[in-house]
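Reading the structure
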Amino acid sequence: MTSKKSKKETGASSIWGGRFAGGPSALMEKINASIAFDHRMFAEDIAGSKAHCAMLARQGIISKEDGKAILGGLDSVLREIEAGTFDFKASLEDIHMNVEARLAELIGEAAGRLHTARSRNDQVATDVKLWVRGALDGLDEGLKTLQAVLIDRAAAHAGDIMPGFTHLQSAQPVTLGHHLLAYVEMLGRDRSRIRDCRARLNTSPLGAAALAGTSFPIDREMTAGALGFDAPTANSLDAVSDRDFALEFLSLAAILSVHLSRMAEETVMWCSDQFGFMRLTDDFSTGSSIMPQKRNPDAAELVRAKAGRVFGALNTLLTVMKGLPLAYGKDLQEDKEPLFDAADTLFVCIAAMTGMYEGATFDLVRMKADAARGFSTATDLADWLVRAKGLPFRQAHHVTGALVKLAETKGCGLEDLSLEEMQSVESAINKDVYNVLGVENSVKSRVSFGGTAPDNVRKAAKEAAKRFLK
C-alpha cells in the first residue's frame, strides 16, 4: 500500500535549491535538523555573517547598498532572537539557514547575496570556534573566582592544623590552608590549559568555503581580524574539517572535572559525622524524606557525579572524529551537543563549588585532634635522628618504627613516651627529641619551598593571589 505524501515531502527544498525534486521526509528532517540545539550559537553566527558581509562590500563583491541592507537586517534578526520573538523552524535545519531565511523576509533579494564566497561548512566551523572561545573565557573567569575563594580561606587558615593523608591513612600533619592551596594549584593548571586551547584555536576558518577556497577576491585577513582571530587558517581542507579545538576543549574539561570531583569527594567525606571536619551552609545541603537527622552534601555529590557527563562528551566526539576522511561530513554536526552539555555542566559545577567553599565552616578543634592520630609525627622523629644524631635514614626509620610499635602497645602518642622508654630503643636519643614531636612542631618544621609551615602558607597564599587573580 502506498502512503500519501505530505506537501513537505513532495515539495522542492528551499535550502538545497534545484538539485532535489522532493523535500525531506519527516524522519529525515528529524535526524537532520540541528536547530533544537545549535540555536544557541545565534550571536556567533550573526557576528560571522556581519564580518563576511562587510568584507564582501569592501571588496566590491556585493554593492555597498546591499551590504548596508544586510547588516541592518542582521541587527534586526539579532534583536528578535534576544527578545525571544524569533520563530525557529526545524524545516530550515540549523541556525544558519534560520537566520538567512528571516533576513530574506526582512530585506528581500539582497539577503541572497550574503552567502557569496562562503559555505555552511566554513560558516559552522567559524561559529563553533567562536562559541568555544567564549566558553573558554567563561570557564577561566569562573575558575578565577573559585581560586579567589580558596586563596582567601587558605590565608585565613594558614596555621590551622589538620591531618594529611596518603592512602587515606593518617600520614603527616598539614595545615588547612596548605590543603586548600593544593586545589588552587590544580585549578591554575586547568586555567593554563584553557589559555593554551584558546591560543591554538584562534585562527579563522571563514573564507575556506566548502573545502577548496573560493574564486572570489575575498580578504580573509579582514574577516579574521573583525572576529578577533589572530589569522585565517592556512589550509581550506583542514579549516572545515578540523575539530581539534573541540576535542581539546573537552579534554581539558575532563581533566578539570577530575579536579572538581576530587574536591567534591573530600567535601563529602569531610561533611560526614565520621570526619566532622566541615559543614556546608543550608543552601548547599539537603535533608532526608525519612531520616530527620540527615544533612546531606548533595551539591558536592552531584559535582562528583557530573564528571561522568563530561567524560562521556569527550568520548562521544573522539568516536565521531576517529574515522572521518577529509573534508566535511555531516557527522560533524554531532560536535555541538557534547560541547554544549560539557560546558553547561562545568559552569554549574564551578559555581556550586565556589558557593560551597565560600560559606563552609570547619571544625578546627576536631581537625587538629585528628592530626595527632596515627603517629603522624613519626617522620619528624626519624628526620631528627638523622639531623641531630647522625643516624643513616634507614636506621632512623627502623628505630622510629620500633618506637611507634612501643607507643601503640602502650596506647599513647610518641610524645607521651618517656625519655627512658625512647632510650631503651636508641640510646642516642635525648630530651631535645620532644622539640620535634607534636603536631604544632611538625608543621612549623616543614619550611622547605612548597611546604606546610604556616609562614610558608601565608606567603604562598599571597603569591597565589599575584599569579592567579591579577
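None of the values given here were measured: they were computed from a predicted structure.

A word on helix H4 (residues 42-58). The terminal C-alpha atoms of H4 lie 24 Å apart, and with 17 residues this matches the ideal 24 Å at 1.5 Å per residue to within 8%. Regarding H4, the residues found buried are Phe42, Glu44, Asp45, Ile46, Gly48, Ser49, Ala51, His52, Cys53, Met55, Leu56 and Ala57. Those residues of H4 that are buried lie in contact with helix H3 (35-38), helix H5 (64-83), helix H6 (95-107), helix H7 (120-156) and helix H9 (220-226). Following H4 by one or two positions, Gly60 has its phi on the positive side, about 75 degrees.

What follows concerns a nonpolar patch on the surface. The grouping of Leu211, Leu237 and Leu326 at the surface amounts to a nonpolar patch, some 270 Å² of accessible area in total. Secondary-structure assignment places Leu211 in the loop between strand S3 (203-204) and H9. On the basis of relative accessibility, which here comes to 39%, the residue Leu211 falls in the partly exposed class.

The next thing to look at is the nonpolar core. Membership of the largest hydrophobic core comes to 98 residues, with the highest contact counts inside it found for Phe249, Leu260, Trp270 and Tyr357. At 16 residues, helix H11 (residues 244-271) tops the list of elements feeding residues into this core. Contacts of Trp270, omitting those with residues within four sequence positions, involve Met162, Leu176, His179, Phe275, Gly276, Phe277, Met278, Phe362 and Met367.

With respect to the helices, strands and loops of the structure, Leu103 is situated in helix H6. Looking at Leu103, the relative accessible area reads 0%, which means it is buried. With sequence-adjacent residues up to four places away left out, Leu103 is seen in contact with Ile70, Gly73, Leu74, Val77, Gly108, Ala111 and Leu114.

Empty space within the largest pocket amounts to approximately 730 Å³. Elements that contribute at least two residues to the lining of the largest pocket include exactly strand S1 (161-166), strand S2 (169-175), helix H8 (176-201), H11 and helix H19 (454-469). Ranked by residues supplied to the lining of the largest pocket, first place goes to H19 with eight residues. Partitioning the lining of the largest pocket into residue classes produces 14 nonpolar, seven polar and eight charged.

A complete count under the given rule lists one cavity of 30 Å³ or more for this structure. One number sums up the size of the largest cavity: a volume of about 40 Å³. Along its surface, the largest cavity is lined by Ser257, Leu260, Val303, Lys306, Ala307, Val310, Thr345, Leu346 and Cys349. For the lining of the largest cavity, the secondary structure elements donating two or more residues are H11, helix H12 (298-321) and helix H13 (336-359). At four residues, the largest contribution of residues to the lining of the largest cavity is made by H12. Here the residues of the lining of the largest cavity sort into six nonpolar, two polar and one charged.

Attention now goes to the packing of aromatic side chains. What the rule picks out here adds up to six aromatic pairs. Consider the rings of Trp270 and Phe362, whose centres lie 6.5 Å apart with planes at 75 degrees: the pair is edge-to-face. One end of the pair, Trp270, is in helix H11; the other, Phe362, is in strand S6 (residues 361-362), and 92 residues separate them in sequence. Neither residue differs from the other here; Trp270 and Phe362 are each classed as buried. Among the aromatic residues, ring-to-ring pairing joins Phe165, Trp270, Phe275, Phe277 and Phe362 into one connected group. One cation-aromatic arrangement involves Arg40 over Phe340; the distance from NZ or CZ to the ring centre is 4.6 Å. The side chain of Arg133 reaches across the aromatic face of Phe229, ending 5.0 Å from its centre.

Turning our eyes to something else, we now look at the packing of H8 against H11. At a closest axis distance of 9 Å, the pairing of H8 and H11 adopts a crossing angle of 170 degrees. Regarding the angle of H8 to H11, the classification is roughly antiparallel. Each of Leu176, His179, Tyr183, Met186, Leu187, Asp190, Arg193, Ile194, Asp196, Cys197, Arg200 and Leu201 in H8 lies in contact with H11, whose residues at this interface are Phe245, Glu248, Phe249, Leu252, Ile255, Leu256, His259, Leu260, Arg262, Met263, Glu266 and Trp270. By residue class, the composition of the contact of H8 with H11 is 15 nonpolar, two polar and seven charged.

Right, let's get into the confidence of the model for the chain. Counting all residues, the mean pLDDT for the chain is 92, and 93% of those residues have values of 70 or more. Low pLDDT, under 50, characterises residues 1-13; the predicted model gives this stretch 19 contacts beyond four residues in sequence or across chains.

Bridge analysis of S1 against S2 gives six bridges, and the strand direction is antiparallel. If you follow Thr166 over to S2, its bridge partner there is Gln169. The turn linking S1 back onto S2 is made up of two residues, and His167 within it adopts a positive phi angle of 60 degrees.

It is worth spelling out the pattern of salt bridges at this point. Per the counting criterion, the structure on display carries 28 salt bridges. With a shortest N-O distance of 2.8 Å, Arg113 and Asp66 are connected by a salt bridge. Of this pair, Arg113 sits in the loop between H6 and H7 while Asp66 sits in helix H5, and the two are 47 residues apart along the sequence. Lys410 is the salt-bridge partner of Glu421, the closest N and O atoms lying 3.1 Å from each other. Of the two residues, Glu421 sits in helix H17 (residues 419-423) while Lys410 sits in helix H16 (residues 393-410), which places them eleven residues apart along the sequence. A single salt-bridge network, built from bridges that share partners, covers Glu80, Lys89, Arg102 and Glu105.

In this section: unusual backbone geometry. With an omega of 10 degrees, the peptide bond running from Leu326 to Ala327 counts as cis. Structurally, Ala327 can be placed in the loop between H12 and H13. Despite not being glycine, Leu168 has its phi angle at roughly 60 degrees, a positive value. Position of Leu168 among the secondary structure elements: in the loop between S1 and S2.

Procedures and definitions
- Residues numbered from 1 in each chain as written.
- Predicted model: local features only at pLDDT ≥ 70, side-chain atom pairs only at ≥ 80, totals over all residues.
- Heavy atoms only, no water.
- Helix = DSSP H or I, 4+ residues; strand = E, 2+ residues; numbered from the N terminus.
- Expected span 1.5 Å × (residues − 1).
- Buried < 20%, exposed > 50% of the residue type's maximum accessible area, 1.4 Å probe, protein only.
- Contact = heavy atoms within 4.5 Å.
- Patch = residues over 30% accessible without salt bridge, like charges linked within 9 Å, V, L, I, M, F, W, Y side chains within 5 Å.
- Areas by Shrake-Rupley, 256 points an atom, 1.4 Å probe, with all protein chains shown as cover.
- Salt bridge = Lys/Arg side-chain N within 4 Å of Asp/Glu carboxyl O.
- Core = buried A, V, L, I, M, F, W, Y, C linked by side-chain atoms within 4.5 Å.
- 1 Å grid on protein atoms, 1.4 Å probe; cavity = no way out; pocket = protein on both sides within 12 Å on 5 of 7 lines; lining within 4 Å.
- Points joined across faces, edges and corners; volume = space filled by probe spheres on them.
- Nonpolar A, V, L, I, M, F, W, Y, C, P; charged D, E, K, R; others polar.
- Phe/Tyr/Trp six-rings, centres within 6.5 Å; stacked < 30°, edge-to-face > 60°.
- Lys NZ or Arg CZ within 6 Å of the ring centre and 35° of its normal.
- Axes fitted to C-alpha atoms, helices over the stretch in contact; angles between N-to-C directions.
- Parallel < 35°, antiparallel > 145°, perpendicular 65-115°, else oblique.
- pLDDT = per-residue confidence, 0-100.
- Pairing = 2+ DSSP bridges.

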